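What follows is the residue order along each chain.
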Amino acid sequence: MTGYWGTAWKRFKHNKVAVAGLFIVLFLFLIALCAPLIANNKPYIIIKNKALYFPIIIDYKQFEGVDLKKIDGYKLFPPIPYSYSEYDLNAIVVPPSSRHLLGTDEQGRDLAARMIYGTRVSIFVGFVAVFIYVTIGIIIGALAGFYGGWVDIIISRIIEIVMCFPTFFLILTILALWGQSLLNVMIVIGITGWTGIARIVRGEFFKLREQDFVVASRALGSKDWWIIFKHILPNAMAPVMVSATFGIASTILIESSLSFLGFGVQPPTPSWGDILSQSRDFIDFAWWLTLIPGFAIFITITSYNVLGEGLQDAIDPKQYY
Amino acid sequence: MNYRQNKKYYLKVVLTQFCSVPYYMVMVALLFCFSCSRFESVRDSHTLYVHLSAEPGHLNPITSTEAIASSINTYIYETLLDRDYDTLELKPLLASHWEISPDKLHYRFYLKKNIRWSDGKPFTADDIVYSFHVIKDPEVANAPLKVYYIDVVSVKKISPYIVEFTYSRPYFLALEICGSIPVVPKHIFDDGTDFNTHKNNRHPIGTGPYIFSKWETGKRIELELNPLYWGNKPDIKKVIYKVIPEPSVALQMLKKGEIDVMSLRPIQWVRQTDSKHFKEAFYRFTYYQPYYSYIGWNAKNLLFNDKNVRKALTMLINRQAILDSLLFGLGMVVTGPFYIYDKYYNHDIQPLPYDPVKAKELLKNAGWVDSDGDGILDRGGTKFSFTFTITSASKFAERLATILKEDFAKVGIQMDINRYEWAVFVNKIDKRDFDAVTLGWSLSWEGDPYQLWHSSEVKAGSNFCYFINREADEIIEKARKEFDVNKRIALYRRFHEIIHDEQPYTFLYCTPALVAVSKRFSNVIVHKRGLNYVEWKVTGN
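Residues numbered from 1 in each chain as written. Chains lettered and ligands numbered in written order. Predicted model: local features only at pLDDT ≥ 70, side-chain atom pairs only at ≥ 80, totals over all residues. Heavy atoms only, no water.

Student: I would appreciate a short explanation of the overall build of chain A in the present structure.
Tutor: Helices and strands together make up the secondary structure of chain A, namely 12 helices and three strands. By principal-axis analysis of the C-alpha atoms, chain A measures approximately 75 × 45 × 40 Å. When the 321 residues of chain A are sorted by exposure, 53% land in the buried category. Sequence separation of at least 24 residues holds for 68% of the intrachain contacts in chain A that already meet a minimum separation of 6. (Helix = DSSP H or I, 4+ residues; strand = E, 2+ residues; numbered from the N terminus. Buried < 20%, exposed > 50% of the residue type's maximum accessible area, 1.4 Å probe, protein only. Contact = heavy atoms within 4.5 Å.)

Student: Which parts of the structure should I look at to understand the pairing of strand S7 (residues 162-167) of chain B?
Tutor: In regular strands, side chains alternate between the two faces of the sheet. Residue and element names in this part refer to chain B. Within S7, six of the six residues are buried, leaving the element largely enclosed by the surrounding structure. Side chains of S7 alternate between two faces, with Ile 162, Glu 164 and Thr 166 and Val 163, Phe 165 and Tyr 167 buried alike. Examined bridge by bridge, strand S5 (residues 106-111) and S7 share five bridges and lie antiparallel to one another. Its bridge partner lying in S7, Arg 108 is registered against Glu 164. Across six bridges, the pairing between strand S6 (residues 152-159) and S7 is antiparallel. By the bridge assignment for S7, Lys 157 is matched with Val 163. (Pairing = 2+ DSSP bridges.)

Student: Sorry, what's going on with the packing of aromatic side chains here?
Tutor: A ring pair, where both rings are aromatic, is described by two values, the distance of the centres and the angle of the planes. This structure, assessed with the given rule, holds 47 aromatic pairs over all chains. A centroid spacing of 5.7 Å and a plane angle of 85 degrees characterise the contact between Trp 287 of chain A and Trp 288 of chain A, whose relative ring orientation is edge-to-face. A relative accessible area of 3% places Trp 288 of chain A in the buried class. By the ring-pair criterion, three or more aromatic residues cluster together here, those being Tyr 107, Tyr 167, Tyr 171, Phe 172, Phe 338, Tyr 344, Tyr 492 and Phe 495 of chain B. Against the face of Phe 483 of chain B rests Lys 104 of chain B, its NZ or CZ located 5.0 Å from the ring centre. Sitting above the plane of the Trp 215 of chain B ring, Arg 202 of chain B keeps its charged end 3.9 Å from the centroid. (Phe/Tyr/Trp six-rings, centres within 6.5 Å; stacked < 30°, edge-to-face > 60°. Lys NZ or Arg CZ within 6 Å of the ring centre and 35° of its normal.)

Student: When you look at the side chain of Glu 246 of chain B in this model, what are you seeing that I'm missing?
Tutor: Note that Glu 246 of chain B resides in the loop between strand S10 (238-243) and helix H8 (247-255). Classification of Glu 246 of chain B as buried rests on a relative accessible area of 14%. A distance of 2.9 Å separates a polar atom in the side chain of Glu 246 of chain B from a polar atom in the side chain of Arg 280 of chain A. Leave out the neighbours within four places in its chain, and Glu 246 of chain B touches Arg 280 and Asp 281 of chain A together with Lys 395 of chain B. (Polar contact = N/O pair within 3.5 Å; in protein donor to acceptor, adjacent residues only side chain to side chain.)

Student: Would you mind showing me how to read the domain arrangement of chain A here?
Tutor: You'll often see interface size given as the accessible area lost when the parts meet. Per the domain assignment, the segments of chain A are domain 1 (4-35 + 111-319) and domain 2 (42-76). On a C-alpha basis, the centroid separation for the pair domain 1 of chain A and domain 2 of chain A is 42 Å. (Domains from an automatic or database assignment.)

Student: Just checking my understanding: could you explain the side chain of Gln 107 of chain A for this structure?
Tutor: Note on placement: Gln 107 of chain A falls in the loop between strand S3 (74-76) and helix H4 (111-147). Those residues within four positions of Gln 107 of chain A in sequence are excluded, and the remaining contacts are Tyr 87, Asp 88, Leu 89 and Ile 92 of chain A together with Leu 326, Arg 399, Thr 402 and Ile 403 of chain B.

Student: Would you mind going over the sheet that holds strand S19 (residues 436-442) of chain B with me for this structure?
Tutor: Backbone-to-backbone hydrogen bonds pair the strands of a sheet. The strands run either parallel or antiparallel. Residues and elements named next belong to chain B. If you trace the five strands from one edge of the open sheet to the other, you get S18-S17-S19-S13-S20, paired in mixed fashion. The sheet is open, and its two edges are formed by strand S18 (414-420) and strand S20 (505-507), each paired on a single side. Between one strand and the next, the sheet's axes are offset by a mean angle of 30 degrees, whatever the strand orientation. As judged from the seven bridges shared by strand S13 (residues 291-297) and S19, these two strands associate in the antiparallel manner. Bridge pairing in S19 links Ile 295 to Thr 438. Together, S13, strand S17 (385-391), S18 and S19 form the strand contacts of helix H14 (residues 395-410), whose direction differs from that of S18 by roughly 165 degrees. (Axes fitted to C-alpha atoms, helices over the stretch in contact; angles between N-to-C directions.)

Student: Is there a simple way to think about the environment of Ala 18 of chain A in this case?
Tutor: Residue and element names in this part refer to chain A. Along the chain, the position of Ala 18 falls in helix H2 (residues 16-33). For the pair Ala 18 and Gly 118, spaced 100 residues apart in sequence, the C-alpha separation works out to 24 Å. Contacts of Ala 18, omitting those with residues within four sequence positions, involve Phe 12, Val 306, Leu 307 and Gly 310.

Student: What's the story with the packing of helix H11 (residues 307-315) of chain B against helix H18 (residues 485-502) of chain B in this structure? I'm lost.
Tutor: Helix-helix packing: each pair is described by the crossing angle between the helix axes and the interaxial distance. All names here are of chain B. For the pair H11 and H18, interaxial distance at closest approach is 8 Å and the crossing angle is 85 degrees. Considering their axes alone, H11 and H18 lie roughly perpendicular with respect to each other. Here H11 contributes Lys 307, Arg 310 and Lys 311 to the contact with H18, which in turn contributes His 500, Asp 501 and Glu 502. When its residues are assigned to classes, the contact of H11 with H18 shows no nonpolar, one polar and five charged. (Parallel < 35°, antiparallel > 145°, perpendicular 65-115°, else oblique. Nonpolar A, V, L, I, M, F, W, Y, C, P; charged D, E, K, R; others polar.)

Student: Is there a simple way to explain the pairing of S17 of chain B in this structure?
Tutor: All names here are of chain B. The element S17 is largely enclosed, with a buried count of five among its seven residues. Two strands pair when backbone bridges link them, and S17 and S18 are joined in this way by seven bridges, in the parallel orientation. Directly across from Ile 390, in S18, lies its bridge partner Arg 419. Crossover S17 to S18 through H14 is right-handed. (Right-handed = clockwise from strand over helix to strand, strands pointing away.)

Student: Hey, could you run me through the sheet that holds strand S2 (residues 51-53) of chain A in this one?
Tutor: All names here are of chain A. Strands sit in the order S2-S1-S3 across an open sheet of three strands; the sheet is antiparallel. In the strand order of this sheet, the two ends are held by S2 and S3, each with one partner. Adjacent strand axes in the sheet meet at a mean angle of 10 degrees, parallel and antiparallel pairs treated alike. Note: strand S1 (residues 45-48) against S3, three bridges, orientation antiparallel. Opposite Ile 45, over in S3, you have Leu 76 as the bridge partner.

Student: What is the right way to read the nonpolar core from this model?
Tutor: Soluble globular proteins tend to bury their nonpolar side chains together. Leu 80, Phe 109, Phe 165, Leu 223, Tyr 241, Trp 453 and Trp 536 of chain B are the most contacted members of the largest nonpolar core, which totals 106 residues. The leading source of residues in this core is helix H4 (residues 125-136) of chain B, at seven residues. Counting 101 residues, the second-largest nonpolar core is a separate cluster that includes Tyr 133, Phe 205 and Phe 260 of chain A together with Met 315 of chain B. (Core = buried A, V, L, I, M, F, W, Y, C linked by side-chain atoms within 4.5 Å.)

Student: What is the right way to read a nonpolar patch on the surface from this model?
Tutor: A cluster of nonpolar side chains, namely Ile 47, Leu 52, Phe 54, Ile 57, Ile 58, Tyr 74 and Leu 76 of chain A, defines an oily patch on the protein surface of about 650 Å² accessible area. For Ile 47 of chain A, a relative accessible area of 36% puts it in the partly exposed group. (Patch = residues over 30% accessible without salt bridge, like charges linked within 9 Å, V, L, I, M, F, W, Y side chains within 5 Å. Areas by Shrake-Rupley, 256 points an atom, 1.4 Å probe, with all protein chains shown as cover. Salt bridge = Lys/Arg side-chain N within 4 Å of Asp/Glu carboxyl O.)

Student: When you look at unusual backbone geometry in this model, what are you seeing that I'm missing?
Tutor: One can expect most non-glycine residues to show negative phi and most peptide bonds to be in trans. Despite not being glycine, Val 93 of chain A has its phi angle at roughly 50 degrees, a positive value. Structurally, Val 93 of chain A can be placed in the loop between S3 and H4. Its relative accessible area of 7% is what places Val 93 of chain A among the buried residues. For Leu 88 of chain B, which is not a glycine, the phi torsion comes out positive at approximately 65 degrees. The residue Leu 88 of chain B is located in the loop between strand S2 (81-83) and strand S3 (90-92) in this model.

Student: Explain the domain arrangement of chain B to me, please; I cannot follow it from the model alone.
Tutor: Residues and elements named next belong to chain B. When cut into domains, chain B gives domain 1 (10-76 + 208-287 + 513-538), domain 2 (81-189) and domain 3 (291-510). In this structure, domain 1 and domain 3 have C-alpha centres spaced 33 Å apart. At the interface, 10 residues of domain 1 touch six residues of domain 3. Carbon and sulfur atoms make up 74% of the surface buried where domain 1 meets domain 3, a total of about 660 Å² over both sides. When the buried area of domain 1 at its contact with domain 3 is split by residue, Arg 265, Pro 266 and Val 270 rank highest and sum to 47% of it. At the junction of domain 1 and domain 3, the tally comes to zero salt bridges. Seen at the junction of domain 1 and domain 3, the total is zero residue pairs in polar contact (both at pLDDT 80 or more). A per-element tally of the side of domain 1 that touches domain 3 places helix H9 (residues 266-272) first, with five residues. (Buried area = accessible area lost by both parts, 1.4 Å probe.)

This is the structure we're talking about:
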């Protein structure tokens, strides 16, 4: 593989820390994707009376309302045989053991299962919110950068006004008005976070719009939107991607903070911030309830940050020429 | 370039927050800095520091409905009569004595003459007449209080120190209602401004042992000894209420001696304060108060307008197991709308058992079956799916809700949980915009179920679950006129039966108060009514 992205990948490979970050990010992706296969209270397979069942995939009528853990016959359970909302009032705040790998919380729910499903929330919120604001940022930044003049003046002022708002408090206010849900968290982060991207895109457009290939395309009679999306934008994407990577890290942190304050997900949806928040009462005797989600947040955010940094070094040609 | 700056910022955050020290330690430290940094350097031993888990909106006894506000107001404002802390008998406070007419319609109170408001103006019958008119004023927002004064026709000033209440019909609670009328100073409040938003709502002036001195919003409320107080002066010179919403932070401050009195949560009682070390420095008191918690089913919702469905829902809730685990067994399962130690409480009624099989049968008989095989019960095209509204102020509510969601799902009932801020939550209930809700209710010592259960209260009053039952209405009305205690007991026990049969609420628990008090005070006595700071003596630093 050669070309711009090929050389970038070559450079990226040499940065060991960044590669480690990439692997952790991919690993978290895998966990999020396979969460129901890793932690589930339904077995993969049941062999009963010489019949084969796959309860994890198919809902069988005859197993409805039956505790699958107590069924006779051969059962193969996932590594963590609990769902994230399944509670056990006889095992409240139990430290990590062979039965509960990461211990249980104040309702006797398995912490490992909740952490795994919490990965989904973190990654989902991170990507959707960043996708929303990158889209908004690109469109607004492209308009300002491409047309310049009074369009640019108006848009730049709007960007400056939006940047003045203290984002976190704006988010809290909007959530108080709309009501709290994961969707609202994503939308709110999305519509408040686009200014940085818009500025980057605007700057890149300013630089690129006078380049020869743009002039050539214009001379051939291309329409504006064609020039914007086909010619200029692909060349402006590199810094956007770097910024988006950092954006995912900060979004995960914002979601955790919101959940910690009780503004994030609705129970019983697990979120790392929420688990951390719930554990405040037990801080002096249940170390696993604070340390594990805290560590997960730390690792995730660090990984995205080193990944972003590696990406930045790899695609910034100025550092090499 | 902009994103570069961003990067550095994030990295700094990451480094300082996560790398240098374990994350949870930073978190705790931050929480503590937040609450401790402004702590005063010199602490007066004659000052009592009390923990407040939430801040009251204001301290006007006529318009406030918050329990926290009234816990502060008892030391600022006084009433004509008071309940004895141990016998619960009514005894004189602002009034020296009283007379009741033979037809039980006229109540005449003789006021003590040497009493002054804390600004020096004398306390007279005018203040009581004014307070009564304010309570009756439709412009004043105090619907729950108005209910108790429906039958009071007039309050007349006979002389500056004699006042007479007149009822349109006899009412067994009349003496208590007249004797406990909240009294505010006329010369302060009657100045032509709006009573609901009067500036003295947050600067109370009363006749009680303490006067209001300072309010730092979000932080503390300070009371000082009333130099003009007519009764015995307490030993504690100053009471400072500190607002600390986070219970774990409050406990740490208690242990460090920065607060003296705190209501503990069950887990704190069992796991975090049960050490010898803690007990050397603190008294731990547990006592029951008239209170119950419940789940209310909005009968306006078609899902809940059948009493058999409500019964089935109660039978799906393992109340004892939840009590034993989430509340560490601190409390009792209750079955009805009275205080469990009250004479009216009907002990013949046993709680509905936890019985999912029977519950499923009840639901089936009521027409709720899973006809389309999607795992959710339905009837005539309607799915059994509803929202459980909780407040983020209560962690117990959240834990209860997640347990119910799991248990209900097993029989095919789909329940979503919606968690709201306290103010939004209260607003939803006022607008009757909920399916099911969990709350607690503090009862008065001598109760009248009218406010909660009479059908006239469904629109604007406190009967927000739309409980309408003709026999219950008749009993409530009859009992109000019944002065014979034994007859009233019979009526109310029957009323308890009706409530149990109808299950408008799933009654949960009567939970005890769990209080820790610093041992630098002596003469700390647990009365039937609870603790009373006025009698405490300071013995240590």
